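Fold and contact review
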Amino acid sequence: MIKTVSTNPYGDQKPGTSGLRKKVPVFQQKNYAENFIQSIFDSLEGFAGETLVIGGDGRYYNREVIQKAIKMAAANGFGRVLVGRGGILSTPAASNVIRKYEAFGGIVLSASHNPGGPTEDFGIKYNVGNGGPAPEKVTDAIFARTKVIDSYRIADGDVNLDVEGSQQVEDMTVTVIDPVADYAELMESLFDFAAIRKLISGGFRVVFDAMSAVTGPYAKEIIEKRLGAPKGSVMNFIPLPDFGGHHPDPNLVHARALYETMMAPDAPDFGAASDGDGDRNLIVGKGIFVTPSDSLAILAANAHLAPGYDKGLAGIARSMPTSGAADRVAEKLGIGLYETPTGWKFFGNLLDEGLATICGEESAGTGSNHVREKDGLWAVLLWLNILAVRKESALDIVRRHWSTYGRNYYSRHDYEGVDSDAANGLIAALRDKLAGLPGTSFGALTVEAADDFSYNDPVDKSESKNQGIRILFKGGSRVVFRLSGTGTSGATLRVYIERFEPDPARHDLDTQEALADLIAVADEIAEIKSRTGREEPSVIT
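All of these numbers come straight from a predicted model, not from anything done at the bench.

Conventions and cut-offs
Residues numbered from 1 in each chain as written. Predicted model: local features only at pLDDT ≥ 70, side-chain atom pairs only at ≥ 80, totals over all residues. Heavy atoms only, no water. Axes fitted to C-alpha atoms, helices over the stretch in contact; angles between N-to-C directions. Helix = DSSP H or I, 4+ residues; strand = E, 2+ residues; numbered from the N terminus. Parallel < 35°, antiparallel > 145°, perpendicular 65-115°, else oblique. Left-handed = near helix turned anticlockwise from the far one by under 90°. Contact = heavy atoms within 4.5 Å. Nonpolar A, V, L, I, M, F, W, Y, C, P; charged D, E, K, R; others polar. Buried < 20%, exposed > 50% of the residue type's maximum accessible area, 1.4 Å probe, protein only. Phe/Tyr/Trp six-rings, centres within 6.5 Å; stacked < 30°, edge-to-face > 60°. Lys NZ or Arg CZ within 6 Å of the ring centre and 35° of its normal. Domains from an automatic or database assignment. Buried area = accessible area lost by both parts, 1.4 Å probe. Salt bridge = Lys/Arg side-chain N within 4 Å of Asp/Glu carboxyl O. Polar contact = N/O pair within 3.5 Å; in protein donor to acceptor, adjacent residues only side chain to side chain. Pairing = 2+ DSSP bridges. Arc of directions from axis to C-beta. UniProt positions renumbered as here; feature names shortened; annotations may be inferred.

This paragraph deals with the packing of helix 2 (residues 32-42) against helix 3 (residues 62-75). Two elements in contact, helix 2 and helix 3, have axes separated by 10 Å at closest approach and are oriented at 40 degrees. By the angle between their directions, the pair helix 2 and helix 3 is classed as oblique. Read as a crossing pair, helix 2 and helix 3 show a hand that is right-handed. Of the residues in helix 3, those in contact with Ala 33, Glu 34, Ile 37, Gln 38 and Phe 41 of helix 2 are Val 65, Lys 68, Ala 69, Met 72 and Ala 73. Taken together, the residues of the contact of helix 2 with helix 3 sort by class into seven nonpolar, one polar and two charged.

The following block contains the structure:
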């Protein structure tokens, strides 16, 4: 039976860069999840009888919302739902399923790298038919609908998520699929698994920390079963609703144990990690942490070594805060370089139009045109393919890259949970200063240009304003300020600091020391300490 349920709107359902994210108790409010899901359906047209993909990262409240979404999809006229067994689908795997089975779109339940648990984070986002996150015109329409919604439609009857095969909800078929199979098949088509198997069988040691998150089953199947890494190479491979009480963010703070393992004298040859929903990655070679910005540049420079990219790249795209390391790779290859706002959705048009092949963000997201999401395990496998072909260590590959292209010293300072008014006031004050900054000197640093980044999409001609404050100094250094859209409480101020160093003799400096004067100037210009009350960042990556 299909019911129409009266409801009242909530005023806080504006999607951020990756959908709607709130604490679990917020989503558990009466009709809260239902309101947002119905608002998604009310903002779409032409899906009657079509296929919808549903899955999530296994975090707390995942199963309950999946049941709601399935029953509401049936009540709203979808013809079929594909859902991962156990409610599991990594974000890149969901993108692949949408694309492979030509689905109308998908609902992905995740809060990415944020903590999970009864009082922690949850999220819902809608992906369109190309497999990528909904563009702003769609998320704006969803938000507009959430403000006036007065009813939602839902069918009766839960489905068994743990048995593969088809079930019926009203006139809609629900097919529970193996969440790993399609993705593993795609990876095998892109990379030289035989070469990687040979590398590993020769004694090359790999360690992958799935962080008790969604990539565990994927990494177990691919790295251990298909590539032959010894059992135990994939750690924390069982997805847990609270990620084992840990924060599933693959950075040097939350994956510290992996970093320390890789810095030890008897370290494995290659270490990696992925996040809550599988779209981010951490790359640590024996004795070296590879920054996400450097990783993007190195992957782009060497992608031709993998079968899926042996015809070369059409172009490279990076988010504006990501370092300029990839820019010099694009210049040497003679291909396009696209600088976009933060948020993977901005890469979709470039990929669809064939303008870019590889994309990346400084926040540990890297991917290509194989799906329309960033893909943590994909990045790890491309690194392994490069290592297998070049037969050099990760450390040597990075150093040779710096020697060829120069080094971008780069760091991100996050101030988390800042009072929202204080954070917004800081950004507003910065905007007021922009016009007067060019030509101003701070010690040896002179401001060359300052602006609030605006992006004009070369494909659909849309404009995205106010995407981050940029302060560029003579000589190639810069500082970027922006507020993150991925948190669930307070505001997160992100400060990105970058210095380009062409001299190989100066490529072994400590990163924070190399950036010390820029860090001080960033605080002076933005008045971070006085405006936020914070003496130091919450996280430095």
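What follows is about unusual backbone geometry. Of note, Asn 31 is a non-glycine position whose phi angle comes to about 65 degrees, a positive value. The topology assignment puts Asn 31 in the loop between helix 1 (24-27) and helix 2. Given the relative accessible area of 10%, Asn 31 is considered buried. The backbone of Tyr 61 sits at a positive phi, close to 85 degrees, despite the residue not being glycine. Summarising the element assignment, Tyr 61 is placed in the loop between strand 3 (51-56) and helix 3. The buried category is assigned to Tyr 61, whose relative accessible area is 11%.

Looking now at the packing of aromatic side chains. Under the defined criterion, the tally for this structure stands at 14 aromatic pairs. Ring geometry for Phe 346 against Tyr 455: centres 6.1 Å apart, planes inclined by 90 degrees, an arrangement best described as edge-to-face. With Phe 346 in the loop between strand 16 (336-340) and helix 12 (348-352) and Tyr 455 in strand 22 (residues 455-456), the pair connects residues that are 109 residues apart, well separated along the chain. Considered together, Phe 346 and Tyr 455 belong to a single accessibility category, that of buried residues. Ring pairs connect the aromatic residues Tyr 10, Phe 27, Tyr 32, Tyr 61 and Phe 122, which therefore count as one cluster. Taking NZ or CZ as reference, Lys 220 lies 4.0 Å from the ring centre of Phe 237, over its face.

Right, let's talk about the domain arrangement of the protein chain for a bit. Per the domain assignment, the segments making up the protein chain are domain 1 (3-178), domain 2 (182-405) and domain 3 (407-540). On a C-alpha basis, the centres of domain 1 and domain 2 stand 28 Å from each other. In this assembly, 34 residues from domain 1 lie in contact with 31 residues from domain 2. Taking both partners together, domain 1 and domain 2 bury about 2,600 Å²; carbon and sulfur atoms supply 54% of that area. A per-residue breakdown of the area domain 1 buries against domain 2 is headed by Pro 92, Asn 96 and His 113, which together make up 22% of the total. Seen at the junction of domain 1 and domain 2, the total is three salt bridges. The residue Lys 125 makes a salt bridge to Glu 373 at a minimum N-O spacing of 2.7 Å. Linking domain 1 with domain 2 are 15 residue pairs in polar contact (both at pLDDT 80 or more), by the criterion used here.

The next thing to look at is the sheet that holds strand 3. Within the open sheet, the seven strands sit side by side as 2-6-5-3-4-9-8. Their pairing is mixed. Among the strands making up the open sheet, the edge pair consists of strand 2 (20-23) and strand 8 (165-169). Geometrically, the sheet is characterised by an average inter-axis angle of 20 degrees between neighbouring strands, direction not taken into account. Bridging between strand 3 and strand 5 (residues 105-109) involves five bridges; their strand directions are parallel. Bridging across to strand 5, Gly 56 finds its partner in Leu 109. Contacts from helix 2 reach strand 2, strand 3, strand 5 and strand 6 (121-127) within the one sheet, and its direction differs from that of strand 6 by about 15 degrees.

Let us look at helix 11 (residues 325-333). Of all the positions in helix 11, only Ala 325, Ala 326, Val 329 and Ala 330 are classed as buried. Taken down its axis, helix 11 places every buried residue within 135 degrees of arc, on the same side. Exposed side chains of helix 11 directed beyond 90 degrees from the buried face belong to Glu 331 and Lys 332. Its buried side turned inward, helix 11 meets helix 10 (292-302), strand 15 (315-319), strand 16, helix 14 (394-405) and strand 19 (407-418). Among the residues trailing helix 11, Gly 334 stands out with phi positive, at a value near 70 degrees.

Attention now moves to the UniProt feature "domain: Alpha-D-phosphohexomutase alpha/beta/alpha" (unreviewed entry) in the protein chain. In the UniProt entry, the feature "domain: Alpha-D-phosphohexomutase alpha/beta/alpha" (unreviewed entry) is given for residues 13-152, 182-284 and 293-405. Across residues 13-152, helical content stands at 36% and strand content at 24%; the span's end C-alpha atoms are separated by 15 Å. Here residues 182-284 is 37% helix and 15% strand, with 27 Å between the C-alpha atoms at its ends.

Opposite charge on two side chains makes pairing possible when the charged atoms of those side chains draw close. For the structure shown, the criterion picks out 38 salt bridges. Residues Glu 362 and Arg 412 are paired through a salt bridge, measuring 3.1 Å at the closest nitrogen-oxygen approach. Here Glu 362 is found in the loop between strand 17 (358-361) and strand 18 (365-368), whereas its partner Arg 412 is found in strand 19, with 50 residues between them in sequence. Classification of Arg 412 by relative accessible area gives buried; the value is 9%. Between Glu 527 and Arg 531 there is a salt bridge, with the nearest N and O atoms lying 3.7 Å from each other. Through salt bridges with shared partners, a single ionic network connects Arg 318, Asp 327, Glu 339, Asp 451 and Arg 470.

What follows deals with the pairing of strand 26 (residues 491-501). The buried fraction of strand 26 is high, at 10 of 11 residues. Sheet analysis places strand 19 next to strand 26, joined by 10 bridges and oriented antiparallel. Paired with Tyr 410 across the two strands is Glu 498, which belongs to strand 26. Here strand 25 (residues 478-483) pairs with strand 26 via six bridges, running antiparallel. Looking at the pairing, Arg 478 lines up with Glu 498 of strand 26.

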